Amino acid sequence: MQYVITEHSLRRRWARVNEFFQSTQEKNFWVDINPYLRRLVKGIIEISLDEEMIQYMQTQPYQRTDKSNRMDYRNGYYCRNLDTTFGPVERINVPRSRQGLFRTSIFERYQRRQQTVNDVICNVFLRGISTRDVAGALKPLLNTSLSASTVSRITKRLNPLVKEFHERKLMDEYQFLFLDGITISVKGSLKAKKILILVAYGITIFGKKELISFRIANSESSAACESFLNDLFRRGLTGKNLKMIITDGSKGFIAAIELVYPYALHQRCWVHKLRNATKYLRKTHIKPFKLDAQKIYNASTHREAIHAFKSLRKHWLNAAPKSVKCLERDLDELLAFLTIPIKEQYRVFIRRQIRTTNIIERSFREVRRRTRPMGCFTNYDSVSRIIYAIFNRLNSKWEEKPLKQFTQFI
């Protein structure tokens, strides 16, 4: 027989709801219902625990059996508090056995939070909220207080994900590779020290932007950069589709590129090069010098760029010989981006992206924004977790926003 809800039954039920609200000080449905939900959850957990104890003992409570057939004896209860998605469930009666061998499948030993709560905390951390702010962000939802150290312990669950990120196989689909590094402070034995995070950023043949990998190093030496690039090569980035590698002019990366990816074009960042060139100039000369340099990298062809450089050299050689020689010394690497054939409709956009390392510097701004409030990191593992969290969030955001100009520009 199918039960039908009538208008009369609905009115009767709503009358009971109104009586419930009138008996409470705050007429907020969810605020009022949460204590009842927690009591319900507590009851379900305790019933489940008792059933698991019965299965373990193979006897009902107070059942008399032959001692030779008994596996164990009951030994009362102990209380356990558990943070759940409904809020804190307090004083759960957990049965225990005399030999201490009984283990429940509902929660692990010493567990104080539901696994889903830990997942929520990690996801909030991955989305860019610092460990100190996670507690305040989740308190209205979980109705419990979390210390920064507790959040930090929970986020250690990310260590396997960080390891998986470093060991995952790479598809050889990157056409542009940007290499750079960022410094971060870490506590040492006596005082804080600076470490370098080497970062590889790529654009695939499908136009997808991706922060590919990172590695902690003590310096941007040739050995550290070579080891970093060899790891990328070993994991699958052999460079068959690689058209260009862009760097800020680091000697370590330049030497490593010649060994690992010797056939890829190397582009030096114009921003870093002009910063080096203008340090020899007077303040009044910086702006006009940059305007003349702008004519070089905005040229339509390689030949036009050479002609623009000759004009700059003629005009500035007497007034600023060091600045002119600074540009001339690496002119081939500075103009490498003009040698790649690009369709006219995409030329301006793509050349603007690949003539500097600005595209990876924008990611570094997010790293600095996130790490600046933290000051100094405790150890290398905490650095790896925070860098992975930032990179994971940025890669997820870019997943559905490919640069379509890079998919069909040749």
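Below you will find a few notes about this structure. Remember, predicted model here, so these are calculated numbers, not experimental data.

About the thresholds
- Residues numbered from 1 in each chain as written.
- Predicted model: local features only at pLDDT ≥ 70, side-chain atom pairs only at ≥ 80, totals over all residues.
- Heavy atoms only, no water.
- Salt bridge = Lys/Arg side-chain N within 4 Å of Asp/Glu carboxyl O.
- Helix = DSSP H or I, 4+ residues; strand = E, 2+ residues; numbered from the N terminus.
- Buried < 20%, exposed > 50% of the residue type's maximum accessible area, 1.4 Å probe, protein only.
- Pairing = 2+ DSSP bridges.
- Right-handed = clockwise from strand over helix to strand, strands pointing away.
- Phe/Tyr/Trp six-rings, centres within 6.5 Å; stacked < 30°, edge-to-face > 60°.
- Lys NZ or Arg CZ within 6 Å of the ring centre and 35° of its normal.
- Core = buried A, V, L, I, M, F, W, Y, C linked by side-chain atoms within 4.5 Å.
- Contact = heavy atoms within 4.5 Å.
- Axes fitted to C-alpha atoms, helices over the stretch in contact; angles between N-to-C directions.
- Parallel < 35°, antiparallel > 145°, perpendicular 65-115°, else oblique.
- Left-handed = near helix turned anticlockwise from the far one by under 90°.

**A look at the pattern of salt bridges**
Next up, step 1: On inspection of all chains with the given rule, the structure shows ten salt bridges.
Next up, step 2: In this structure, Arg268 and Asp330 form a salt bridge, with 3.3 Å as the shortest nitrogen-oxygen distance. Of this pair, Arg268 sits in strand β7 (residues 265-268) while Asp330 sits in the loop between α12 (321-329) and α13 (331-334), placing them 62 residues apart in sequence. Neither residue differs from the other here; Arg268 and Asp330 are each classed as buried.
Next up, step 3: Through salt bridges with shared partners, a single network forms among Asp231, Arg234 and Arg235.

**Quick notes on the pairing of β7**
Next up, step 1: Pairing of strand β6 (residues 244-247) with β7, which is carried by four bridges, proceeds in the parallel orientation. Bridge pairing in β7 links Thr247 to Arg268.
Next up, step 2: Tracing the backbone out of β6, into helix α8 (residues 251-260) and back to the parallel element β7 gives a crossover that is right-handed.

**Quick look at the packing of aromatic side chains**
A ring pair, where both rings are aromatic, is described by two values, the distance of the centres and the angle of the planes.
Next up, step 1: Summed over all chains, the structure comprises ten aromatic pairs.
Next up, step 2: Note on Tyr201 and Trp398: the rings are 5.5 Å apart at their centroids and 65 degrees apart in plane angle, and the pair reads as edge-to-face. With Tyr201 in strand β4 (residues 192-204) and Trp398 in helix α16 (residues 380-398), the pair connects residues that are 197 residues apart, well separated along the chain.
Next up, step 3: Given a relative accessible area of 10%, Trp398 falls into the buried group.
Next up, step 4: Through successive ring pairs, a cluster of aromatic residues spans Phe165, Phe214, Tyr388 and Phe391.
Next up, step 5: Looking at Arg168, its charged tip hangs above the ring of Phe165, at a distance of 4.4 Å from the centre.

**Considering the nonpolar core**
Next up, step 1: Residues Phe176, Phe178, Trp270, Leu327 and Ile354 are the most contacted members of the largest nonpolar core, which totals 71 residues.
Next up, step 2: Looking at this core element by element, the count peaks at nine residues for α16.
Next up, step 3: Non-local contacts of Trp270, meaning those with residues more than four positions away in its chain, are made with Ala293, Ile296, Tyr297, Leu327, Leu334, Leu335, Phe337, Arg355 and Thr356.
Next up, step 4: Residues Leu198, Ile212, Phe228 and Leu237 belong to the second largest nonpolar core, which totals 23 residues.

**Examining the packing of helix α7 (residues 222-234) against α8**
Next up, step 1: Running from N to C, α7 and α8 point in directions that differ by 40 degrees, and their axes come no closer than 8 Å. By the angle between their axes, α7 is oblique relative to α8. Every pair of crossing elements has a handedness; the one defined by α7 and α8 is right-handed. Together, Ser222, Cys225, Glu226, Phe228, Leu229, Asn230 and Phe233 of α7 and Lys251, Gly252, Phe253, Ala255, Ala256, Ile257, Leu259 and Val260 of α8 make up the contact between the two elements.

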